[in-house]
Amino acid sequence: MNEKNTEYLHKACPLLYVNKRGFEHGDGWFELIKECSLELESYINSLPLDERPRFAALQVKEKFGTLRFYLSGYSHVTERVIGVAEKKSAITCGKCGKPGRLHTEFGWYTTMCDGCVVDATAVSVFDVCRHGLKKGLADKDITENVKMIIERSFIVTPEELERDTNQNESIP
């Protein structure tokens, strides 16, 4: 997330972001993170002073295409608030904030709107062509690589995500 948005959240939610950690996701989720952060900050502020440090943000990132929000401690309130934000992230483009869907390309999951998927695919195609030309690959080899990129840029079903997540988390 960009520096301006990061600074805003650090200032608006000093109890939550007491460690002033950065964010590991695109700007498209800023409004979603802001809403979640303000609700968490309000909850933390309502606690007795000695309990507040239990709920500091440790990490806010994208993993398997959706939001992950880790705190130093949890309660039923923090779990509910974070759970809502994580679910919303699965239908919000991480790049621009428009309604999106979960996509995968070469094993990397991301939630993007159709426009951002087209942009990302175009960048991948451009990179493959540029790299292929630099390496002196034949046009047919470059064409095959481009076809593979386009074929691999598809929508992921919730069942596929669950299967892949479970497989990856069981790897030591």
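Residues numbered from 1 in each chain as written. Predicted model: local features only at pLDDT ≥ 70, side-chain atom pairs only at ≥ 80, totals over all residues. Heavy atoms only, no water.

### Some details on the overall build of the protein chain
Okay, so step 1: Along the protein chain, the regular secondary structure elements total six helices and six strands.
Okay, so step 2: Secondary structure elements of the protein chain, listed N to C terminal, follow the sequence α-β-α-β-β-α-β-β-α-α-β-α.
Okay, so step 3: Looking at the protein chain as a whole, 40% of its 172 residues are labelled buried.
Okay, so step 4: In the protein chain, the share of contacts with a sequence separation of at least 24, taken over all contacts with a separation of at least 6, comes to 53%.
Okay, so step 5: Carbon and sulfur atoms make up 57% of the accessible area of the protein chain, which totals about 10,300 Å². (Helix = DSSP H or I, 4+ residues; strand = E, 2+ residues; numbered from the N terminus. Buried < 20%, exposed > 50% of the residue type's maximum accessible area, 1.4 Å probe, protein only. Contact = heavy atoms within 4.5 Å. Areas by Shrake-Rupley, 256 points an atom, 1.4 Å probe, with all protein chains shown as cover.)

### Details of the environment of arginine 68
Okay, so step 1: Within the secondary structure, arginine 68 sits in strand β3 (residues 66–71).
Okay, so step 2: Residue class for arginine 68 comes out buried when judged on its relative accessible area of 19%.
Okay, so step 3: Setting aside anything within four residues of it in sequence, one finds arginine 68 in contact with Gln59, Val60, Lys61, Lys63 and Glu86.
Okay, so step 4: Side chain to side chain, arginine 68 and threonine 66 meet in a polar contact 2.5 Å long. (Polar contact = N/O pair within 3.5 Å; in protein donor to acceptor, adjacent residues only side chain to side chain.)

### Brief notes about the packing of aromatic side chains
Okay, so step 1: Tallied over the entire structure, the rule returns four aromatic pairs.
Okay, so step 2: Considering the side-chain rings of tyrosine 8 and phenylalanine 30, the 5.9 Å spacing of their centres and the 75° angle between planes classify their relative orientation as edge-to-face. Taken as a pair, tyrosine 8 in helix α1 (residues 3–12) and phenylalanine 30 in helix α2 (residues 30–45) lie far apart in primary sequence, 22 residues in all.
Okay, so step 3: The interplanar angle of 65° and the centroid separation of 5.2 Å between the aromatic rings of tyrosine 17 and phenylalanine 23 together place this pair among those described as edge-to-face. Both residues of the pair, tyrosine 17 and phenylalanine 23, belong to the buried class. (Phe/Tyr/Trp six-rings, centres within 6.5 Å; stacked < 30°, edge-to-face > 60°.)

### Brief notes about the environment of tyrosine 17
Okay, so step 1: Summarising the element assignment, tyrosine 17 is placed in the loop between α1 and β1 (23–24).
Okay, so step 2: Among the residues examined, tyrosine 17 registers a relative accessible area of 2% and is labelled buried.
Okay, so step 3: Along the primary structure tyrosine 17 and serine 37 are separated by 20 residues, whereas in three dimensions their C-alpha atoms are 8.9 Å apart.
Okay, so step 4: Leave out the neighbours within four places in its chain, and tyrosine 17 touches Leu9, His10, Phe23, Ile33, Ser37, Ala57, Val60 and Phe69.

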